[in-house]
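If you want the building blocks of each chain, they are given just below.
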Amino acid sequence: MKALLSLFFAFSLFGEEINSPIYITKENTVVENKYFRLAKNSNCPMIVVGDNEHENPQYRLNHIVLKNLFLDGATDYQTRELYKDGFLRNNCITIRGCSDVTIENVVVCYARSGGVVLEKGCSKITINGLNAYGCYFDGFAACETTDSVVMNGLLHSNQYAGISMDWRCNGNKFFNLNIENNIKCGVFLRYCNDNTFYNITFKYSGIYINRRPESPDTGCHGNRFLKINDIPIYVGKDCEGNTIQWGD
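A. Summary view of the side chain of serine 113. In this structure, serine 113 sits in the loop between strand E7 (98-109) and strand E8 (116-119). At 2.9 Å, the side chain of serine 113 and the side chain of glutamate 81 are in polar contact. Apart from residues no more than four positions distant in its own chain, serine 113 is found in contact with Glu81, Arg89, Asn90, Asn91, Cys135, Tyr136, Phe137 and Asp138.

See below:
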């Protein structure tokens, strides 16, 4: 406990307040050992990796490392989800159309939108040791993301889901996670196939699997939940071939 208090005190002393996004637009970039907190009424993302000028990225980045970071989005002092009414959302970390990105030992909290969000064709993203909490929406969210891994983390006390995936998130893996006290659900899946969740501990939140209401062909198929504790699970229409395995 003393060590944790000392760490918090150090962050309070040396943390850097920001009021505009940190854009990463070059390959082979490393950001590490930083504590950023978002200033009041900034209403902006904190870190955006990839093309931030076009809604559909015009280029891809590779070989990015975000390590040993503490990002506080100060959601109580922000007033909107979208940055300048555009396509960027006010997340702590947004990865846009990138590959070979490593996020390690990172705390994201109190984002006005999501903690860590992958979008626009991400692949081969590795997230190890994520602590995501207190976000207005989800701790971790993804769309159009494949072949990525989230492991050894804690996703808790977010207003919507601990993990939320929609719109062709396929072939991703999640293991050794604690998903606790999220208000809407622990894991939300829609239009996502062949994802594996292994050794996940849920507390006060369950799993919601469904399709888009207007599109029967957007169901979830072939997702595997292995070695999870006994929690509520909802599986909607046109979602077949999903595996649930309790305990060991």
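B. View of the sheet that holds strand E17 (residues 207-210). Taken together, the 9 strands give an open sheet; going across it, the order is E2-E4-E6-E8-E10-E13-E15-E17-E19, and neighbouring strands pair in parallel fashion. Either end of the sheet is taken by a strand with one partner, and the two such strands are strand E2 (22-24) and strand E19 (233-235). Shown here is a sheet whose adjacent strand axes are inclined to one another by a mean of 10°, direction ignored. Looking at chain direction, E17 and E19 are connected through 3 bridges and run parallel. Looking across to E19, one finds that isoleucine 209 is bridged to valine 235.

C. Looking closely at the nonpolar core. Grouped together as the largest cluster of nonpolar side chains are 57 residues, with contacts concentrated most on Leu66, Ile93, Ile95, Phe140 and Ile163. Contacts of phenylalanine 140, omitting those with residues within four sequence positions, involve Val116, Leu118, Ile127, Leu130, Val150, Leu155, Gly162, Ile163, Ser164 and Phe174. Grouped together as the second largest cluster of nonpolar side chains are 5 residues, Tyr35, Phe70, Cys109 and Tyr133 included.

D. Spotlight on the packing of aromatic side chains. Here the structure, examined in full by the defined rule, presents 10 aromatic pairs. Where tryptophan 167 meets tyrosine 191, the ring centres are 5.1 Å apart and the plane angle is 85°; that geometry is what we call edge-to-face. Taken together, the residues tryptophan 167 in the loop between strand E13 (161-166) and strand E14 (173-180) and tyrosine 191 in the loop between strand E15 (185-190) and strand E16 (196-203) connect sequence positions 24 residues apart. Seen in terms of ring centroids, tyrosine 208 and tyrosine 234 are 5.0 Å apart; in terms of plane orientation they differ by 15°. Their pairing is stacked. Residue tyrosine 208 is located in strand E17, and its partner tyrosine 234 is located in strand E19; the two are separated by 26 residues in the primary sequence. On the basis of relative accessibility, which here comes to 30%, the residue tyrosine 208 falls in the partly exposed class. With relative accessibility at 43%, the residue tyrosine 234 sits in the partly exposed group. An aromatic cluster is defined as three or more aromatic residues linked by ring pairs; in this entry it consists of Phe140, Phe174, Phe197 and Phe225. Over the ring of tyrosine 136 we find arginine 112; its NZ or CZ atom is 3.9 Å from the centre of that ring. Over the ring of tyrosine 160 we find lysine 184; its NZ or CZ atom is 5.7 Å from the centre of that ring.

How each quantity is defined
Residues numbered from 1 in each chain as written. Predicted model: local features only at pLDDT ≥ 70, side-chain atom pairs only at ≥ 80, totals over all residues. Heavy atoms only, no water. Helix = DSSP H or I, 4+ residues; strand = E, 2+ residues; numbered from the N terminus. Polar contact = N/O pair within 3.5 Å; in protein donor to acceptor, adjacent residues only side chain to side chain. Contact = heavy atoms within 4.5 Å. Pairing = 2+ DSSP bridges. Axes fitted to C-alpha atoms, helices over the stretch in contact; angles between N-to-C directions. Core = buried A, V, L, I, M, F, W, Y, C linked by side-chain atoms within 4.5 Å. Buried < 20%, exposed > 50% of the residue type's maximum accessible area, 1.4 Å probe, protein only. Phe/Tyr/Trp six-rings, centres within 6.5 Å; stacked < 30°, edge-to-face > 60°. Lys NZ or Arg CZ within 6 Å of the ring centre and 35° of its normal.

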